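Given next are the chains, with one letter for each unit.
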Amino acid sequence: MPAPLPDLRALGLEIARLRRDRGMSIERVAEIAEVHRKTIIQIEAGRVAARISTLHGIAHALGVPLTELVAPVCARHPKSVGTPAPLVEQL
């Protein structure tokens, strides 16, 4: 079964909410995250799927853990679709 598509709009709304709650401008978040302000605009609008490095920078700029930033996206996914294979084989 393929993974469900992320809800980019929910992610964008969460980023915008956190930014406004902190009284930060798009420009300030972009500066701290070291991305272009248009990137923040597109992410907040749910138009683009950001790279993990970009989301990490945004989380840092907003002062939240990355997991908190993406929580709205993850909350919409099924809890489990099976038991994942271990990453490293046990000896």
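Report follows, based on the coordinates. (Residues numbered from 1 in each chain as written. Predicted model: local features only at pLDDT ≥ 70, side-chain atom pairs only at ≥ 80, totals over all residues. Heavy atoms only, no water.)

## Structural notes on the nonpolar core
So, point 1. Ranked by internal contacts, the top residues of the largest apolar core, which has 19 residues, are Leu 11, Ile 15, Val 29, Ile 58, Leu 62 and Leu 69.
So, point 2. Among the secondary structure elements, those contributing two or more residues to this core are α1 (8-21), α2 (26-33), α3 (37-44), α4 (52-62) and α5 (66-74).
So, point 3. Broken down by element, this core gets its largest block of residues, 5 residues, from α4.
So, point 4. Residue contacts for Leu 69: discarding those within four places in its chain leaves Leu 11, Glu 14, Ile 15, Leu 18, Leu 55, Ile 58, Ala 59, Leu 62 and Val 64. (Core = buried A, V, L, I, M, F, W, Y, C linked by side-chain atoms within 4.5 Å. Buried < 20%, exposed > 50% of the residue type's maximum accessible area, 1.4 Å probe, protein only. Helix = DSSP H or I, 4+ residues; strand = E, 2+ residues; numbered from the N terminus. Contact = heavy atoms within 4.5 Å.)

## A few points about the pattern of salt bridges
So, point 1. By the definition in use, this model includes 5 salt bridges.
So, point 2. When the shortest N-O distance is used, the salt bridge between Arg 17 and Glu 14 registers 2.8 Å. With Arg 17 and Glu 14 both in helix α1 and 3 residues apart, the pair spans about one turn of that helix.
So, point 3. A relative accessible area of 14% places Glu 14 in the buried class.
So, point 4. Here Glu 44 ties to Arg 19 by a salt bridge, and the two come within 2.7 Å at their closest N and O atoms. Separated by 25 residues along the polypeptide, Glu 44 in helix α3 and Arg 19 in helix α1 bring together distant segments of the chain. Both residues of the pair, Glu 44 and Arg 19, count as buried. (Salt bridge = Lys/Arg side-chain N within 4 Å of Asp/Glu carboxyl O.)

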